[in-house]
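Results of the structural survey
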Amino acid sequence: MSTFSHITREKVTECLRRVHDPVLKKDIITLGLVREISVEGAHVFLHMEDASGDATVRGTLKVLIERVLQEAGVTGVEVHFSEKARCGIESGVLGPLSGVKHVIAVSSGKGGVGKSTVAVNLALALRKLGSRVGLMDGDIYGPNIPIMLGIPADRCPEGSEAGKILPIEAHGVKAISIGFFADAGKPVIWRGPMLHKTVQEFLHRVDWGELDFLVVDLPPGTGDVQLSLVQWVRVAGAVVVTTPQEVALADVRRAINMFRQLEVPVLGIVENMTGPVFGRGGGERMAKDFDVRFLGDIPLDAQIRECGDSGIPVVLEQPQGPVSKRFLQIANSVRQVFHKKH
Ligand SMILES: Nc1ncnc2c1ncn2[C@@H]1O[C@H](COP(=O)(O)OP(=O)(O)O)[C@@H](O)[C@H]1O
Ligand SMILES: [Mg+2]
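We now turn to the structure provided with this report. (Residues numbered from 1 in each chain as written. Chains lettered and ligands numbered in written order. Predicted model: local features only at pLDDT ≥ 70, side-chain atom pairs only at ≥ 80, totals over all residues. Heavy atoms only, no water.)

So, the pattern of salt bridges
- Per the stated rule, a full pass over the model turns up eight salt bridges.
- Close ionic contact of Lys101 with Asp212 constitutes a salt bridge, the shortest N to O distance being 3.3 Å. Of the two residues, Lys101 sits in strand E4 (residues 100-108) while Asp212 sits in strand E8 (residues 211-217), which places them 111 residues apart along the sequence.
- Given a relative accessible area of 55%, Lys101 falls into the exposed group.
- Residue Asp212 is classed as buried on the basis of its relative accessible area of 12%.
- Shared partners join several salt bridges into a network, and the residues in it are Lys101, Arg132 and Asp212. (Salt bridge = Lys/Arg side-chain N within 4 Å of Asp/Glu carboxyl O. Helix = DSSP H or I, 4+ residues; strand = E, 2+ residues; numbered from the N terminus. Buried < 20%, exposed > 50% of the residue type's maximum accessible area, 1.4 Å probe, protein only.)

Quick word on the nonpolar core
- Among the nonpolar cores identified, the biggest contains 106 residues, and Leu16, Leu46 and Leu69 are the most heavily contacted of them.
- Among the elements that line this core, the one with the most residues is helix H3 (residues 115-128), at eight residues.
- Both domain 1 (2-85) and domain 2 (91-341) contribute no fewer than three residues apiece to this core.
- If we ignore the near neighbours within four places in the chain, the residues touching Leu46 are Val12, Leu16, Val34, Glu36, Ile37, Ile65, Leu69, Glu78, Val79 and His80. (Core = buried A, V, L, I, M, F, W, Y, C linked by side-chain atoms within 4.5 Å. Domains from an automatic or database assignment. Contact = heavy atoms within 4.5 Å.)

Section: the site of ligand 1
- For ligand 1, the set of nearby residues contains 16 residues, the closest of which are Gly112, Lys115, Ser116, Thr117 and Pro299.
- With respect to ligand 1, the backbone of Gly114 contributes an N or O atom lying 3.0 Å from an oxygen atom.
- Taking Ser116, its side chain carries an N or O atom lying 2.9 Å from an oxygen atom of ligand 1.
- Elements with a contribution of two residues or more to the shell around ligand 1: H3, strand E10 (266-274) and helix H9 (302-310).
- Among the elements that line the shell around ligand 1, the one with the most residues is H3, at three residues. (Near = heavy atom within 4 Å. Polar contact = N/O pair within 3.5 Å; in protein donor to acceptor, adjacent residues only side chain to side chain.)

Some details on the sheet that holds strand E9 (residues 237-242)
- An order of E6-E7-E5-E8-E4-E9-E10-E11 is seen for the eight strands of this open sheet, with the pairing classed as mixed. Unpaired on one side and paired on the other, strand E6 (168-170) and strand E11 (294-299) mark the two borders of the sheet. On average, each strand axis in the sheet is inclined to that of its neighbour by 25°, with strand direction left out of account.
- Bridge count for strand E5 (residues 133-137) against strand E7 (residues 173-176) is three bridges, and the pairing is parallel. Bridging across to E7, Met136 finds its partner in Ile176.
- Against the sheet, H3 engages E4, E5, E7, E8, E9 and E10, with an angle of about 170° to E8.
- Seen against the sheet, helix H8 (residues 282-290) touches E9, E10 and E11 and runs at an angle of roughly 160° to E10. (Pairing = 2+ DSSP bridges. Axes fitted to C-alpha atoms, helices over the stretch in contact; angles between N-to-C directions.)

Keep in mind that these numbers describe shape and distance, not what the molecule does.
Here is the structure:
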């Protein structure tokens, strides 16, 4: 066996750092998906936590693992997956937020499509319809919820007697953002683990009180924060925002696939910036393609941007306008999904 003595558990661990989970986009060691490694001569046995419960993902992981280990001289690989179909990290803490009925993630494949605009106006529209609403700014790098809600840069959340952070209330909605804690204008540089912790703190250390909906404005894409959110709380549904162009299709597909792999129901697609510049209809076609609901379209309208900059979102600034009506319809559809269930 001495010829194989170079194959050690440490060596196997190093090799496995090159295997990235296709959904979670990180290496399987960092994700904590590898529970046990045993080596017998040139044979390796692995016990894995299944991150998705998805046969395709398992198959992909197996192939990737076999490849890196064979390159290192391993002749036989046996991969065993545990039956638990959830994220490997901190899986014990996944659960509902006490007091919060439904966590709704607003997401997009890429930035600049109006995700924050939709999140803010959706939150306010839900409030108008009578729901108790919170808004969490999940964009750790570019928080813009404070400006959109007109909350002055020097306002800092207070602590409660129980040692919790009290959200800042604006227009009847309870909001929290990293922007409340960082100096205005300074870029916030957070390391991965810190970022993970911020989301955790926002969810569990903030005193949200009793809420019907906690709307979370996620950063674009399928990265750390998205992952972190679904690890720490049960997300009731995701709203995916897109612009009308076909080029957005691949991004939307990625976002929807991520939520599906993570077992978060996709509530539907909102098409934003509809009109003569970007066209229309892409969102509805995407919804058909992906077999999800089309929640509605929001026109490209300079006033939407002006309202966003002024701190009085369009739903409040022009309550009777056509854009407000669209947002109220979207909010109504979201509410209906959950009313049917109760
Ligand atoms: N329907 C719209 N019409 C006009 N401007 C819009 C519209 N939606 C968003 N915007 C503007 O586009 C910019 C990007 O929107 P934002 O919501 O910050 O996008 P994201 O959060 O996806 O990066 C902002 O200046 C916003 O005011
Ligand atoms: Mg944004």
